Amino acid sequence: MAMQAVEIESLIKEAFPTANVIIEDLRGDGDHYAATVVASEFAGKNRVQQHQMVYAALKGRMGGELHALALTTKTPE
Amino acid sequence: MTNPAHEAIKADIDANDVVLFMKGTSTMPQCGFSSTVASILNYMEVPYKDVNVLADEGVRNGIKEFSDWPTIPQLYVKGEFVGGCDIIKEMVLSGELDTTFENGGVAFNKAASDKIREQNA
């Protein structure tokens, strides 16, 4: 079961309302995405913690119906 | 910890400085993401233990809970979870992976990691 890019974006936005979220469908197959999330909530967290926060926002879909999501997390400049 | 898979995972990361939980083996990876991380470690000549999660369903699910991380591969250095494929790629390019190995007293080929950075600059 693939996920739509808008669905991924809305789940992330739900957890990080002020974040800048960019989703890219890498192969156009609805199964391999890249996401860049720029959120102030990441401040003071290491990379592993930042990614865990995004995975939590995806509510268990990562590694399940969402097979591949290359993730880049940043704090706003 | 009552989950036997968690105990097996703990034993592996306690007994080995560098452990890569992956799909397939270091010489025969069976997933692109696992292959990427294994290639980086192989190229940097880092000694590591490869744990093929496809060979053990308990470990395959257990490692996800153990690390609170939903995907494979997963790299551990000196008992600490370092990251999955995206993080390891970022870290090798930024030089942080070198620092992680240096701080952990793990031998690696510095010239090789410099070359990865040169070629991806």
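A short tour of the structure in this document, coming up. All values derive from a computational prediction rather than experimental measurement.

**Focus on the overall build of chain A**
Along chain A, the regular secondary structure elements total two helices and three strands. From first element to last, N terminus to C terminus, chain A shows the α and β order α-β-β-α-β. Over its C-alpha trace chain A gives a radius of gyration of 12 Å, about what one expects of a compact globule, namely 11 Å for 77 residues. Overall, chain A is about 35 × 20 × 20 Å in size when its C-alpha atoms are taken along their principal axes. Within chain A, the fraction of its 77 residues that count as buried is 26%. If you take every contact in chain A between residues at least 6 apart in sequence, the share linking residues at least 24 apart comes to 50%.

**Things to note about the pairing of strand β3 (residues 74-77) of chain B**
Residue and element names in this part refer to chain B. Burial along β3 is two-sided: the residues Q74 and Y76 and L75 and V77 are all buried. Across three bridges, the pairing between β3 and strand β4 (residues 80-83) is antiparallel. Note on β4: the bridge partner recorded for Y76 is F81.

**Some points on the interface of chain A and chain B**
At the interface, 10 residues of chain A touch eight residues of chain B. For the side of chain A that touches chain B, the secondary structure elements donating two or more residues are α2 (47-57) and β3 (68-74) of chain A. With five residues, α2(A) is the largest single contributor of residues to the side of chain A that touches chain B. Considered class by class, the residues forming the side of chain A that touches chain B number five nonpolar, four polar and one charged.

**A short note on unusual backbone geometry**
Residues and elements named next belong to chain B. For the peptide bond that leads from I72 to P73, omega is 10°, which places it in the cis range. If you trace the backbone, P73 turns up in the loop between α3 (57-67) and β3. Positive phi, normally seen in glycine, also occurs at E45, with a value near 55°. Among the secondary structure elements, E45 is positioned in the loop between α2 (32-43) and β2 (49-52).

**Notes on the sheet that holds strand β1 (residues 18-22) of chain B**
Residues and elements named next belong to chain B. The four strands are arranged β2-β1-β3-β4 in an open sheet whose pairing can be described as mixed. A strand with exactly one partner marks an edge of an open sheet, and here the two such strands are β2 and β4. Each adjacent strand pair in this sheet contributes to an overall mean axis angle of 25°, direction not counted.

Calculation criteria
Residues numbered from 1 in each chain as written. Chains lettered and ligands numbered in written order. Predicted model: local features only at pLDDT ≥ 70, side-chain atom pairs only at ≥ 80, totals over all residues. Helix = DSSP H or I, 4+ residues; strand = E, 2+ residues; numbered from the N terminus. Rg over C-alpha atoms; globule rule 2.2 N^0.38 Å. Buried ≥ 20, exposed ≤ 12 C-beta atoms within 10 Å, placed from the backbone. Contact = placed C-beta atoms within 7 Å. Pairing = 2+ DSSP bridges. Nonpolar A, V, L, I, M, F, W, Y, C, P; charged D, E, K, R; others polar. Axes fitted to C-alpha atoms, helices over the stretch in contact; angles between N-to-C directions.

Taken by themselves, the reported measurements are silent on function.
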